[in-house]
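# Architecture and fold: a report
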Amino acid sequence: MAGDEKRFKSAFDSLHAFVYFVPEVDAALTGAGLRPGRMPYFASRSAAMGAVGPEVVAATFYNFNPEVVARVIPRAWTLATPEQVLEARLDGTGKALTRLLGDHVKSDEVAEAAELAREAAAGCTGEGRPLYAAHAGLGWPGEPHLVLWHAITLLREYRGDGHIAALVLNGLGGLDALITHVATGRGFAADAAKLTRGWSDEQWTAAEAALTERGILGADGRLTEAGVAVRDRVEVATEAAARGPWLHLGAERSARLEELCRGLSRRIVEAGAFPEGVFRRPTT
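Every chain is numbered independently, its residues counted from 1 as its sequence is written. For a predicted model such as this one, the threshold for reporting local features is a pLDDT of at least 70, and the threshold for listing and counting side-chain atom pairs is 80 or more; totals across whole chains, interfaces and linings nevertheless cover every residue. As a rule here, side-chain values cover all heavy atoms of the structure and leave hydrogens and water aside.

### Looking at the pattern of salt bridges
Here, a salt bridge means any Lys or Arg side-chain nitrogen found within 4 Å of an Asp or Glu carboxyl oxygen. Summed over all chains, the structure comprises 11 salt bridges. Among the ionic pairs, Arg-156 bridges to Asp-13, the shortest N-O distance being 2.5 Å. Of this pair, Arg-156 sits in helix H10 (residues 144-169) while Asp-13 sits in helix H1 (residues 5-17); the two residues are 143 residues apart in sequence, bridging distant segments of the chain. When accessible area is computed with a 1.4 Å probe and restricted to protein chains, residues below 20% of their type maximum are described as buried, those above 50% as exposed, and intermediate ones as partly exposed. Asp-13 sits in the buried class, given a relative accessible area of 12%. Here Glu-112 makes a salt bridge to Arg-256, at a shortest N to O gap of 2.9 Å. Here Glu-112 is found in helix H8 (residues 108-121), whereas its partner Arg-256 is found in helix H16 (residues 251-270), with 144 residues between them in sequence. Relative accessible area serves as the criterion here: at 30%, Glu-112 is assigned to the partly exposed category. A helix here means a DSSP run of H or I that spans at least four residues, while a strand means a run of E at least two residues long, and both kinds are numbered starting from the N terminus.

Here it is, written out as structure tokens:
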């Protein structure tokens, strides 16, 4: 796939990320013992790594306020084991996909997408990819719609691990990365980024001032020419690091998987998988 960030998000990312917003997954995780709020997200996404501490979660998630992570991790592991959390997440995911896709959940398109996505995931490697490697160590579910979700999860975390490496190499810490991404006009709006990632207005403003001093942001809060160049380098490096699964799958089958997943993503978005106003979605 001649991939880029915009295409990946519009075609694939929604097929994993909906789990952080739908009530079925939240109910399953709180039913397993986790407390409502931020705990289900941090625990469910990190559970594949085992009962890790807040430092590991903050490092691998990257752009979340470590103070917020530490409020719920490691307490989560005293309420439910990582194995229980993973089981609950998969159960909630299956229920949510059944609701969002309706009868289409058992369609030939879902089965075909699941087969192709699983084959694409076979082209990923674990070196330097902690979140991907942790999820790759989990067993595959049996039903095609859950196979698809798990495969997209692997592709997403594989890509994300490479993206973090690119950010580190280009001198953008977690909050820097979030602010400069917002400044590109893609993805999160600023208020949603602060809320979901746990940064205060004061922390955000201080980081903006530091980025302005470095010449990455202008006085208007927009990326400078140097800032655009930094973000471009990050995206080029991210794409280069993410090619493995698509090279493995081949151009024709990659294009078919993208076509299938774009249609499925559209279905779940139209069915209300995400709340309004959280993302500034690509239009194509």
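Let's pick the thread back up.
### Overview of the packing of helix H7 (residues 82-101) against H10
Helix axes are fitted only over the stretch in contact, all axes being lines through C-alpha atoms; the angle between N-to-C directions runs from 0 to 180 degrees. For the pair H7 and H10, interaxial distance at closest approach is 10 Å and the crossing angle is 115°. In this structure, H7 crosses over H10, and the sense of that crossing is right-handed. Contacts from Arg-89, Leu-90, Thr-93, Gly-94, Leu-97 and Thr-98 of H7 reach H10 at His-145, Leu-146 and Trp-149. Each residue is assigned to one of three groups, with Ala, Val, Leu, Ile, Met, Phe, Trp, Tyr, Cys and Pro labelled nonpolar, Asp, Glu, Lys and Arg labelled charged, and all others, Gly among them, labelled polar. Partitioning the contact of H7 with H10 into residue classes produces 4 nonpolar, 4 polar and 1 charged. For any pair of crossing helices, the crossing counts as left-handed if the nearer helix is rotated counterclockwise from the farther one by less than a right angle, and right-handed if it is rotated clockwise. Any two residues whose heavy atoms approach within 4.5 Å at even a single point are treated as in contact.

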